[in-house]
Amino acid sequence: MQGQSRTLRLDRGQRLQAVCVLGTRLSVDVNGGSPPECKWFSFRQSPNIEIEVVNSDIAQQKVVNGEKLWPLSNRTMVEFQMTAPSTETNDGKITFAYYKKGSDAAVDKAGIYLTAIEMSLDVDADRDGNVERNNPHKATWTWGPEGQGAILLVNCDKDSLLSRTVDGGDNIVLSKTDLLDMSKMLLRIRGPEKLPTGYHLLLYISATEAPNLGVFHLHNKMYRHVLGREKLFFKTRYTGTSELEFFVEGLHFPDEGFNGLVTIKASLLETQVEGIPETPIFTDVVTFRISPLIITPNTLDPIVVYVCSVKDNYLFLKEIKNLVSEANYKIQICFEDVNRGDRWMQDELEFGYIQAPHKSFPVVLDSPRDGELKDFPIRELLGPDFGYVTKVATSSKVTSLDSFGNLEVSPPVTAAGKKYPLGRILIGSSFPTSSGRRMTKVVRDFLYAQRVQSPIELFTDWLLVGHVDEFMTFVPTPDQKGFRLVLASPALCFQILQEKKHEGHGDAVMFQGESSKMGSGIWSCEVSSEQRMVMLLTLLQHCIDWNRDILKKELGLTEEDIIDIPALFKLQNDKAVAFFPNMVNMIVLRKDLGIPKPYGPIIKETCCLEDYVVELFKPLELKCTFIDDVVSYHKKLGEVHCGTNVRRKPFSFKWWQMEEP
């Protein structure tokens, strides 16, 4: 840290010893240390010292016996600094001589012996992956392409099989690979082999920041935990020119009451008199921001598809495996010994990642839902370079809205002139003026605290399950926009059924040949004439349109950016559920879409609803595969998207390059 200053006190007839750090400006009150009745002073310094006289009347300077004499006043100060580290103790010298009025000879002298060291606490403040020396911006943190400030990862993976928790859950390093998840910090020293007695080096943190970071240091061939949690300081001896290496880990993500910023300080301490506490004569500061958790939208490239195997989804699983294989992606199946009959892979977890200049790895966010799938994220995902985090609801009841089918992310957008290069989080909630269901506060607070994907709350409490993925999704497109918002539309479905009726297909029924799957409620195109049903679907369309308007405003969309696909809903316990498999609840694998098979009316030997959707997506170069999920998911109030999950590649955009969110 540049620009620090320090005041020394002179005593006439004495020589003061002092240690200084390069960049520190020292000052002495030469008048306060002068003998009585002295009016002038002179000084001499060694070549490694720069010196300046302040508040002395230059017009009254004079030269006596070759010495330049400066007039003394009660405001006269001498400021100086060393220009290079000392090679030995006390190799910087200043001698002051004092003169009385009319005297050509000094009546007394005082001196200072200086030892200079270079000291800097260094981090990767310019975010290029290397720890540079003494970056002038390392103590602050700024956003944007030209921003400065170091970055920490939350050490939430598990690099060693010996660990009983995530790596940041203890104070030990069980594997050197664990260090790769941490950010390097160096304490660099240049100076003589030793200093005068009474000097030490101290690293320290505040008590409020201690729970959020950990610092390790190599000592006796072991990495010792020296800072963090209950350890607020680490004291070490000065040992001459050296480079002390530390590794810093984040322990908590940004959250309510924690903005993600942590600060570490390094001081040179001085003890002059026994019994007097050590005082810092120089302090250097570095600031880190802990990486937010970034959640990936379904328009990014897939890496692995996850799905459960349960006793009644064999055919569904077969179709999903074929889809993933043809799309040339990987699939991981969670079997019943782990899922214990819980098939809702989307609801249990959300995939994201964390990123620093030196490292990035995926992180699974475990929902507070805690169904029978609750062991899957820890047993099957947590491991080397695969992190885990969860939020536990403590003060409020967990509802269906806390499942992560109710958590989606938009592609990158610009709205109202503000760029969101990592998209925006979308969560379902109750109507603003109602007291209905909302996602639990700890999860909402966590999502808002990440900042980089500024959340939007939508109205989903009109749905029985209450998830955003029941009426919306995004698909990638090859044009400049790069995506379309897809919305379920009861109004469009009615329009299609009316058209088929007017074309003479009023007797065409839904679920033709599949009535055993659905039981009662087999409808025909004549449904479009039932006034009561028209009124219900109009009401439900209004709920979707309310969200449509929010999404257009908050994501900066126009009608040309939105695709409507047919959907029908019915009431169950005064809330809406899908009447036929809800096609918007699809899995998106780039150009390959796995869509719930709607079993719509058969017109000319094909499903008219499937035909409509295929033609809708064809100009966007999207391939539709319709998957039968009626028995295994739809009748249990979910669809293809609810039963699957996808880990995707990170954004190419680096989050710290955002303008301040």
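This text goes with the structure placed above it.
Residues numbered from 1 in each chain as written. Predicted model: local features only at pLDDT ≥ 70, side-chain atom pairs only at ≥ 80, totals over all residues. Heavy atoms only, no water.

Trainee: Would you mind showing me how to read the overall build of the protein chain here?
Mentor: From N to C terminus, the protein chain includes 10 helices and 41 strands. For the protein chain, whose C-alpha radius of gyration is 35 Å, the value lies well above the compact-globule estimate of 26 Å for 661 residues. If you line up the protein chain on its principal axes, its C-alpha atoms span 125 × 55 × 40 Å. When each of the 661 residues of the protein chain is scored for burial, the buried share is 57%. Counted over contacts in the protein chain with a minimum sequence separation of 6, partners at least 24 positions apart contribute 73%. (Helix = DSSP H or I, 4+ residues; strand = E, 2+ residues; numbered from the N terminus. Rg over C-alpha atoms; globule rule 2.2 N^0.38 Å. Buried < 20%, exposed > 50% of the residue type's maximum accessible area, 1.4 Å probe, protein only. Contact = heavy atoms within 4.5 Å.)

Trainee: What is the right way to read a nonpolar patch on the surface from this model?
Mentor: A cluster of nonpolar side chains, contributed by Leu162, Ile172 and Leu174, occupies part of the molecular surface with about 300 Å² of accessible area. Assignment of secondary structure puts leucine 174 in the loop between strand 11 (150-152) and helix 1 (176-179). (Patch = residues over 30% accessible without salt bridge, like charges linked within 9 Å, V, L, I, M, F, W, Y side chains within 5 Å. Areas by Shrake-Rupley, 256 points an atom, 1.4 Å probe, with all protein chains shown as cover. Salt bridge = Lys/Arg side-chain N within 4 Å of Asp/Glu carboxyl O.)

Trainee: Help me understand the nonpolar core in this model?
Mentor: Nonpolar side chains in soluble globular proteins tend to end up buried together. In this structure, Met119, Met185, Leu187, Ile264, Leu268, Phe288 and Leu447 are the most contacted members of the largest nonpolar core, which totals 70 residues. At 5 residues, strand 19 (residues 279-290) tops the list of elements feeding residues into this core. Residues within four places of methionine 119 in sequence aside, it is in contact with Val21, Leu187, Arg188, Ile189, Leu201, Ala266, Ser267, Leu268, Phe282 and Asp284. Listed in part, the 64 residues of the second largest apolar core include Leu492, Ile563, Val584 and Leu620. (Core = buried A, V, L, I, M, F, W, Y, C linked by side-chain atoms within 4.5 Å.)

Trainee: Got a minute to help me understand helix 2 (residues 314-326) in this structure?
Mentor: Across its 13 residues, helix 2 extends 18 Å between first and last C-alpha, which sits within 8% of the 18 Å expected from 1.5 Å per residue. Residues of helix 2 that are buried include every one of Phe316, Leu317, Ile320, Leu323 and Val324, and no others. Looking down the long axis of helix 2, one finds its buried residues gathered within 125° of arc, a one-sided arrangement. Residues of helix 2 that are exposed and point over 90 degrees away from its buried face: Tyr314, Leu315, Ser325 and Glu326. For helix 2, the elements touching its buried residues are strand 21 (302-308), strand 22 (330-334), strand 36 (587-589), strand 37 (592-596), strand 40 (623-627) and strand 41 (644-648). Immediately beyond the C-terminal end of helix 2, within one or two residues, lies asparagine 328, with a positive phi of roughly 70°. (Expected span 1.5 Å × (residues − 1). Arc of directions from axis to C-beta.)

Trainee: Honestly, the pairing of strand 32 (residues 483-489) in this entry has me stumped. Any pointers?
Mentor: Regular strands show a simple pattern: their side chains alternate between the two faces of the sheet. Across the 7 residues of strand 32, 7 count as buried, placing the element largely inside the fold. Of the two faces of strand 32, the one carrying Phe483, Leu485, Leu487 and Ser489 and the one carrying Arg484, Val486 and Ala488 are both buried. Of the pairings in the sheet, the one linking strand 31 (residues 472-476) to strand 32 comprises 5 bridges and is antiparallel in character. From the neighbouring strand, threonine 473 faces strand 32, where its bridge partner is valine 486. Between strand 31 and strand 32, which pair antiparallel and follow one another directly, the connecting turn spans 6 residues, one of which, glycine 482, has a positive phi of 90°. For strand 32 and strand 33 (residues 562-566), the ladder comprises 5 bridges, and the chain directions are parallel. Each bridged residue has a counterpart across the sheet, and for alanine 488 the counterpart in strand 33 is isoleucine 565. (Pairing = 2+ DSSP bridges.)

Trainee: Would you mind going over the sheet that holds strand 31 with me for this structure?
Mentor: Pairing between sheet strands relies on hydrogen bonds along the backbone, with the strands arranged either parallel or antiparallel. Read across the sheet, 3 strands follow the order 31-32-33 without closing on themselves; strand pairing throughout is mixed. The open sheet is flanked by strand 31 and strand 33, the only strands paired with a single partner. Strand-to-strand twist in this sheet, taken as the mean axis angle between neighbours without regard to direction, amounts to 35°. Across the sheet, helix 10 (residues 608-617) is in contact with strand 31, strand 32 and strand 33; its angle to strand 33 comes to roughly 165°. (Axes fitted to C-alpha atoms, helices over the stretch in contact; angles between N-to-C directions.)

Trainee: It is not clear to me how the sheet that holds strand 21 should be interpreted in this structure. Could you clarify?
Mentor: Taking strand neighbours across the sheet as the criterion, the 3 strands line up as 22-21-41 in an open arrangement whose pairing is mixed. Of all strands in the sheet, those bounded by a partner on one side alone are strand 22 and strand 41. Recorded for the sheet is a direction-independent mean angle of 25° between the axes of neighbouring strands. Of the strand pairs in this sheet, strand 21 and strand 41 are connected by 5 bridges, and their pairing is antiparallel. Considered in strand 41, the bridge of proline 302 is made with arginine 648. Where helix 2 meets the sheet, it contacts strand 21, strand 22 and strand 41, and its direction lies at approximately 160° from that of strand 22.

Trainee: In this structure, what is going on with the pattern of salt bridges? I would like to understand it.
Mentor: Where charged atoms from two side chains of opposite charge approach closely, those side chains can pair. In this structure the tally under the stated criterion is 40 salt bridges. Among the salt bridges present, the one from arginine 188 reaches glutamate 243, with a minimum N-O distance of 3.0 Å. Of this pair, arginine 188 sits in strand 12 (residues 183-190) while glutamate 243 is found in strand 17 (residues 242-250), placing the two residues 55 residues apart along the sequence. Exposure remark for arginine 188: the relative accessible area of 11% places this residue in the buried category.

Trainee: Which parts of the structure should I look at to understand the pairing of strand 14 (residues 213-219)?
Mentor: Burial runs high along strand 14: 5 of the 7 residues are buried. In the sheet, strand 14 pairs with strand 17 via 5 bridges, with the strands oriented antiparallel. The partner of phenylalanine 216 across the bridge, within strand 17, is phenylalanine 247. The pairing of strand 14 with strand 15 (residues 222-228) spans 6 bridges and is antiparallel. The partner of valine 215 across the bridge, within strand 15, is leucine 227. Where strand 14 folds back onto strand 15 in an antiparallel hairpin, the turn is made up of 2 residues, including asparagine 220, whose phi is positive at roughly 55°.

Trainee: When you look at the environment of glutamate 605 in this model, what are you seeing that I'm missing?
Mentor: Mapping glutamate 605 onto the fold places it in the loop between strand 38 (602-603) and strand 39 (606-607). Residue glutamate 605 is classed as exposed on the basis of its relative accessible area of 77%. Considering only alpha carbons, one finds glutamate 605 and alanine 59, 546 residues apart in sequence, at a separation of 108 Å.

Trainee: Just to check I follow, could you spell out unusual backbone geometry for this structure?
Mentor: Backbone phi values are negative for most residues with the exception of glycine, while trans is the configuration of most peptide bonds. Not every positive phi belongs to a glycine, and asparagine 90 is a case in point at roughly 60°. Inspection of the secondary structure assignment puts asparagine 90 in the loop between strand 8 (77-82) and strand 9 (92-100).

Trainee: Explanation requested: the packing of aromatic side chains in the structure shown.
Mentor: In this description, a pair of aromatic rings is defined by centroid distance and the angle of the planes. Tallied over the entire structure, the rule returns 19 aromatic pairs. Considering the side-chain rings of tryptophan 141 and tryptophan 655, the 5.9 Å spacing of their centres and the 10° angle between planes classify their relative orientation as stacked. Here tryptophan 141 is found in the loop between strand 10 (108-122) and strand 11, whereas its partner tryptophan 655 is found in the segment after strand 41, with 514 residues between them in sequence. The class for tryptophan 141 is buried, based on a relative accessible area of 11%. Ring geometry for phenylalanine 316 and tyrosine 633: centres 4.3 Å apart, planes at 45°, overall tilted. Linking phenylalanine 316 in helix 2 with tyrosine 633 in the loop between strand 40 and strand 41, this pair joins segments that are 317 residues apart in sequence. With respect to class, phenylalanine 316 is no different from tyrosine 633; both count as buried. Among the aromatic residues, those joined into a cluster by ring pairs are Phe41, Phe43, Trp70 and Phe96. Of note, arginine 127 hangs over the ring of tryptophan 141, and the distance from its end group to the ring centre comes to 4.1 Å. (Phe/Tyr/Trp six-rings, centres within 6.5 Å; stacked < 30°, edge-to-face > 60°. Lys NZ or Arg CZ within 6 Å of the ring centre and 35° of its normal.)

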